[in-house]
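Structure at a glance
Next come the chains, spelled out residue by residue.
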Amino acid sequence: MVLTKTVLNAAPSPAYICPTARTCSYLGQAAVDLQMDPNILRMLEQPRKVITVSIPVQLDNGEVQVLAGHRVQHCDVLGPYKGGIRYHPGVTLEEVSSLAMLMTWKCALLGIPYGGAKGGIAIDPAQYSVRELERITRRYTSELIKDIGPAIDIPAPDVGTSEREMAWMMDTYSMNKGYAVPGVVTGKPLSIGGSKGRKLATGRGVMIVVREALAERGQSFKDVTVAIQGFGKVGNATAYLMYEEGAKILAVSDVSGGLFDSNGLDIPALMDYAARNRGSLAGFMGAQRISNEELLTLPCDVLVPAALEDQITEDNCDRIQAKIVAEAANGPVTLVADQMLHHRGVMVLPDILANAGGVVVSYLEWVQGQSYVFWDEDRVNREMEGLMVKAYQRVSENARKMSVPMRRAAYMLGVGRVAEALSDRGLYP
Ligand SMILES: NC(=O)c1ccc[n+]([C@@H]2O[C@H](COP(=O)([O-])OP(=O)(O)OC[C@H]3O[C@@H](n4cnc5c(N)ncnc54)[C@H](OP(=O)(O)O)[C@@H]3O)[C@@H](O)[C@H]2O)c1
Ligand SMILES: N[C@@H](CCC(=O)O)C(=O)O
């Protein structure tokens, strides 16, 4: 394990805001691999700006709750801050800081001109009415009004948010400005400047990188079995696109548990069921019920964690049977589990590569909006695929050349690009 401050003896500043040990460790390893100037590392290991706002919201029953909303802006050396907004009870400032840092490396690795950010509110959206969620989102946006904007910081969906919340954010921001500003968010509905292809984009990116990894082994989707944890925006799209490519999807899950069929699940039927059941797989009768833990340890070729962080840990990684783990979620594999999987010869396709399709199409949405020209879905998918394949090939080549795991190779490329830009812009203004 490599921790940045111990390896390079960089003294922590009093204002140090610590993302998780995992994120610091991966950055620390990249700093060593790149023989990075410690001054640059000091600048990269802390977010530029940490914003916590208080969100008073009147519930439908008249009671007022005061929520805490965060936005962490990690680095904007390559362009505006970029990253999703998460509504989930587990949101903490530490988690948001880590996710913001991941966004910086992800955008840099994919070569898109953005920095990294993340935001979130620690709520369970299922406990609020649609009107309450709208009031929460609008007040959160108003509190952030000076800190977001098409050239400053561009939010997008993440866990618990969708194009609906992005539309409310765009409308609130625009009302404050006095004119429509579609470019303040991405992942918004098509009717207000969203991009074709954005809804399936993250899943499509996951499918593309797994396809490339299989091709390197002389395999295709028709040869493999897949298990997918999480059936939300990312898991659902990943399952659908891999199913369409001919993979046998053995299992999927959501918070209610998993569904398993050794002959392969009928993914369109499950999507249809979930769409009629407020997104949930609960109550589906056409497959065997298993737990989320059982899903992770099923005998399969490809495992796709597409829910939350820390699902594959030192406690279960010995029982993972997949040969490829594709991190559709951000941070689903703990630091220790990552090392143990590597020692066991399991290929981990890291989050900053595997799930980058979403932010790539966010970028394409922003480009279309800036130029007032909107593309058909084929063009969006083609442009995205080009960037994903190029990134995969660079990471794979670097991993081979350096004899390191894919994550380490990806971090060297992503972190290296940011460090170079920081250095070129001038460290000591
Ligand atoms: N949306 C994007 O564009 C995007 C892009 C890149 C990466 N990501 C990452 O992908 C992951 C999923 O995001 P999303 O946008 O798909 O979120 P989402 O639409 O809110 O879906 C989350 C899914 O995970 C399930 N889930 C939650 N807790 C679980 C648990 N303990 N065990 C099993 N399943 C659980 C949820 O089940 P219920 O619905 O039953 O609660 C839901 O199916 C996150 O790590 C996110 O940061 C998202
Ligand atoms: N929340 C997504 C998408 C971010 C975006 O499109 O800005 C991610 O983690 O990559």
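So, how was this worked out
Residues numbered from 1 in each chain as written. Chains lettered and ligands numbered in written order. Predicted model: local features only at pLDDT ≥ 70, side-chain atom pairs only at ≥ 80, totals over all residues. Heavy atoms only, no water. Near = heavy atom within 4 Å. Polar contact = N/O pair within 3.5 Å; in protein donor to acceptor, adjacent residues only side chain to side chain. Areas by Shrake-Rupley, 256 points an atom, 1.4 Å probe, with all protein chains shown as cover. Helix = DSSP H or I, 4+ residues; strand = E, 2+ residues; numbered from the N terminus. 1 Å grid on protein atoms, 1.4 Å probe; cavity = no way out; pocket = protein on both sides within 12 Å on 5 of 7 lines; lining within 4 Å. Points joined across faces, edges and corners; volume = space filled by probe spheres on them. Nonpolar A, V, L, I, M, F, W, Y, C, P; charged D, E, K, R; others polar. Axes fitted to C-alpha atoms, helices over the stretch in contact; angles between N-to-C directions. Parallel < 35°, antiparallel > 145°, perpendicular 65-115°, else oblique. Left-handed = near helix turned anticlockwise from the far one by under 90°. Contact = heavy atoms within 4.5 Å.

Examining the site of ligand 2
Taken together, 14 residues form the shell around ligand 2, and within it K82, K106, K118, D158 and S362 come nearest. Within the side chain of K82, an N or O atom sits 2.7 Å from an oxygen atom of ligand 2. Contact distances for ligand 2 include 2.8 Å between a nitrogen atom and a side-chain N or O atom of D158. Burial of ligand 2 by the surrounding chains reaches 95%, relative to a free accessible area of 300 Å². Breaking the shell around ligand 2 down by element, the ones donating at least two residues are β3 (81-87), α4 (93-110), β5 (153-157) and α13 (357-371).

Some remarks on the layout of surface pockets
In this structure, the second largest pocket encloses a volume near 500 Å³. Taken together, 24 residues form the lining of the second largest pocket, with D338, H342, P405, R407 and R408 sitting closest to its centre. Only α2 (21-33), α11 (335-343), β12 (347-349) and α15 (406-425) provide two or more residues apiece to the lining of the second largest pocket. Residue composition of the lining of the second largest pocket, grouped by class: 13 nonpolar, 6 polar and 5 charged.

Quick word on the site of ligand 1
Taken together, 22 residues are adjacent to ligand 1, and R86, D158, K233, V234 and N330 come closest. The separation between an oxygen atom of ligand 1 and a polar side-chain atom of R86 is 2.9 Å. One nitrogen or oxygen atom from the main chain of F231 is found 3.0 Å from an oxygen atom belonging to ligand 1. Mapped onto the shell around ligand 1, the elements with two or more residues apiece are α7 (198-216) and α8 (233-244). Here the residues of the shell around ligand 1 are counted per class, giving 9 nonpolar, 8 polar and 5 charged.

Some points on the packing of α13 against helix α14 (residues 377-402)
Running from N to C, α13 and α14 point in directions that differ by 130°, and their axes come no closer than 10 Å. As summarised for this structure, α13 and α14 are arranged oblique, according to the angle between their axes. Considering how the two elements wind past one another, α13 and α14 form a crossing that is right-handed. In contact with G357, V360, V361, L364 and Q368 of α13, α14 contributes V380, E383, M384, L387 and M388. Taken together, the residues that form the contact of α13 with α14 break down as 7 nonpolar, 2 polar and 1 charged.

In short, geometric facts, not functional conclusions.
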